[in-house]
Amino acid sequence: MAGGNHSSVTKFVLLGFTDLQELLFVIFLLIYITMLVGSLGVLIRTNSQLHVPMCFFLRHLSFLDICYSSSITLKLMSGLLAERNVLSFNGCITQLFFFAVFGTREAILLILMVYNRYVAIREPLRYLAAMSHGVRVQLVVGSYAARSLNALVRTSALLRLSFCGPNLVNNFYCEIPPLLLLSCSNTQLNEMVMAACVGFIITTSVLAIVVSYACILLTIWSICSAEGRHKAFSICTSHLMAVALFYGSAAFLYFHPFSRRAEDQGKTTSVFYTMVTPMLNLFIYSLRNKEVRSTLRRATNKLLSCKYSHRSRSNQAEADITCHSGVSRRNKADT
């Protein structure tokens, strides 16, 4: 069916997970709440630390994690509680677009964070000048524009396809591979566009991250003590594990041969790609950052001190009331 979109399908049914739905709902809810509360905490508590480059990038990473995970998880959890998880054709395309935007933005933001760390270690005296507020804004805005363009290209390529039925998507969100299996058009061009876009993003991102960390480790090896080298190697290893999980899941989803069996395997991989990775970012990048930890510690101490002060005032008020009652009783007795 050539010559543009002639779809007769107006909605898609997301099959999602059919077993242990109540248990999965609780697990996914806990993961989502952990990510949401932690990321919001980073956004709020680092507001006064925007002059610190890493805090600036971590705030954007937290914001993207919230948008990235929310674009998928909320619909997934509502589907687990409903008999059928239905999404309109336009809703499916919208979800796919924003998922691609936030996912690829996070990919390039990880590169910017690694580059920031490299500049801090390589040229500490010029660090704040090299990573000024204007430079950081330009880097982030440029990454947003580039990744939005990538999402627009992939979504536009999908819109040229026709869907004549069936409309059962064997996944818990709308994504290109399972949708290509449902199309009654020739999907060869879409597969080429998807492979080119995803392949370019993964290849360049992983290469840039690995090279940057290699330079970081070489620099630290030459200037730090054995204890400092061990600490730096531990931090870099945890970061690389998070990167490997994110990009490894993406590579499996997009480069695995399209088939019904691959769809079933892809659902499990998608859970790590869409929900687990944003939660891990909170612990690996944010809570292990010195500036973020100190800011959160000060906020926690301030909250505890306010609570203790309020409790002390309450106890003092109770003591004053008790004393006043005692005096009143004695006055009545004297009378």
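So, how was this worked out
- Residues numbered from 1 in each chain as written.
- Predicted model: local features only at pLDDT ≥ 70, side-chain atom pairs only at ≥ 80, totals over all residues.
- Heavy atoms only, no water.
- Helix = DSSP H or I, 4+ residues; strand = E, 2+ residues; numbered from the N terminus.
- Buried < 20%, exposed > 50% of the residue type's maximum accessible area, 1.4 Å probe, protein only.
- Contact = heavy atoms within 4.5 Å.
- pLDDT = per-residue confidence, 0-100.
- Axes fitted to C-alpha atoms, helices over the stretch in contact; angles between N-to-C directions.
- Parallel < 35°, antiparallel > 145°, perpendicular 65-115°, else oblique.
- Left-handed = near helix turned anticlockwise from the far one by under 90°.
- Nonpolar A, V, L, I, M, F, W, Y, C, P; charged D, E, K, R; others polar.
- Phe/Tyr/Trp six-rings, centres within 6.5 Å; stacked < 30°, edge-to-face > 60°.
- Lys NZ or Arg CZ within 6 Å of the ring centre and 35° of its normal.
- 1 Å grid on protein atoms, 1.4 Å probe; cavity = no way out; pocket = protein on both sides within 12 Å on 5 of 7 lines; lining within 4 Å.
- Points joined across faces, edges and corners; volume = space filled by probe spheres on them.
- Disulfide = S-S within 2.5 Å.

Visitor: For this particular structure, what's the right way to read the overall build of the protein?
Guide: Looking only at helices and strands, the protein features ten helices and three strands. For the protein, the N- to C-terminal ordering of α and β elements is β-α-α-β-α-α-α-β-α-α-α-α-α. Here the protein, with 335 residues, has 44% of them falling under the buried criterion. The contacts in the protein between residues at least 6 apart in sequence include a share of 80% that link residues at least 24 apart.

Visitor: Looking at this model, I keep getting lost on the confidence of the model for the protein. Mind explaining?
Guide: It should be kept in mind that the predicted coordinates are not to be read in detail where pLDDT is low. In the predicted model, the protein carries a mean pLDDT of 75, and the fraction of residues at 70 or more is 71%. Strand S1 (residues 11-14) holds the highest mean pLDDT among the elements of the protein, 87, whereas helix H10 (residues 290-334) holds the lowest, 55.

Visitor: In this structure, what is going on with the packing of helix H1 (residues 21-45) against helix H2 (residues 53-81)? I would like to understand it.
Guide: Two numbers describe a pair of packed helices, the interaxial angle and the distance between the axes. Running from N to C, H1 and H2 point in directions that differ by 160°, and their axes come no closer than 9 Å. When the interaxial angle is binned, H1 and H2 end up roughly antiparallel. Two packed elements cross with a definite hand, and for H1 against H2 that hand is left-handed. Of the residues assigned to the contact of H1 with H2, the class counts are 19 nonpolar, six polar and two charged.

Visitor: What should I look at first to understand the packing of aromatic side chains in this one?
Guide: Any aromatic ring pair is given by two values, namely how distant the centres are and how the planes are angled relative to each other. What the rule picks out here adds up to eleven aromatic pairs. Considering the side-chain rings of Tyr68 and Phe99, the 5.4 Å spacing of their centres and the 15° angle between planes classify their relative orientation as stacked. Remark: Phe99 occurs in helix H3 (residues 89-122) and Tyr68 occurs in helix H2; sequence separation between them is 31 residues. The two residues Tyr68 and Phe99 agree in class, both being buried. For the pair Phe98 and Phe102, a centre-to-centre distance of 6.1 Å together with 25° between the ring planes defines the contact as stacked. Of this pair, Phe98 and Phe102 both sit in helix H3, four residues apart, which is roughly one turn of the helix. Owing to a relative accessible area of 38%, Phe98 belongs among the partly exposed residues under this scheme. Note on Phe102: relative accessible area 12%, which makes it buried. Stacked on the ring of Phe56, the Lys or Arg Arg136 has its end atom at 5.0 Å from the ring centre.

Visitor: Would you mind showing me how to read the layout of surface pockets here?
Guide: Where empty space is left in the structure can be found by rolling a water-sized probe over the atoms. In this model, the second largest pocket occupies a volume close to 160 Å³. As for the second largest pocket, its lining consists of 15 residues, and the residues nearest its centre are Leu14, Leu15, Gln21, Gly79 and Asn85. If you list the elements that add at least two residues to the lining of the second largest pocket, you get S1 and H2. By residue number, the principal contributor to the lining of the second largest pocket is H2, which donates three residues. Here the residues of the lining of the second largest pocket are counted per class, giving eight nonpolar, five polar and two charged.

Visitor: Please clarify how the state of the cysteines should be interpreted in this entry.
Guide: Every disulfide links exactly two cysteines, by a covalent bond between their sulfur atoms. Here the structure, examined in full by the defined rule, presents two disulfides. There is a disulfide in this structure between Cys92 and Cys174, and the S-S distance comes to 1.9 Å. Across the disulfide from Cys92 to Cys174, rotation about the S-S bond amounts to roughly -125°, and the bridge is consequently left-handed. One end of the pair, Cys92, is in helix H3; the other, Cys174, is in the loop between strand S3 (168-169) and helix H6 (176-182), and 82 residues separate them in sequence. Here Cys92 and Cys174 have matching classes, each one buried. Across the disulfide from Cys164 sits Cys184; the S-S distance is 2.1 Å. Across the S-S bond linking Cys164 and Cys184, the dihedral sits near 55°, which makes this disulfide right-handed. With Cys164 in the loop between helix H5 (133-159) and S3 and Cys184 in the loop between H6 and helix H7 (188-223), this pair connects stretches of sequence that are 20 residues apart. Shown here for the protein is a disulfide pattern of 1-3, 2-4, where each number marks a bonded cysteine counted in sequence order.

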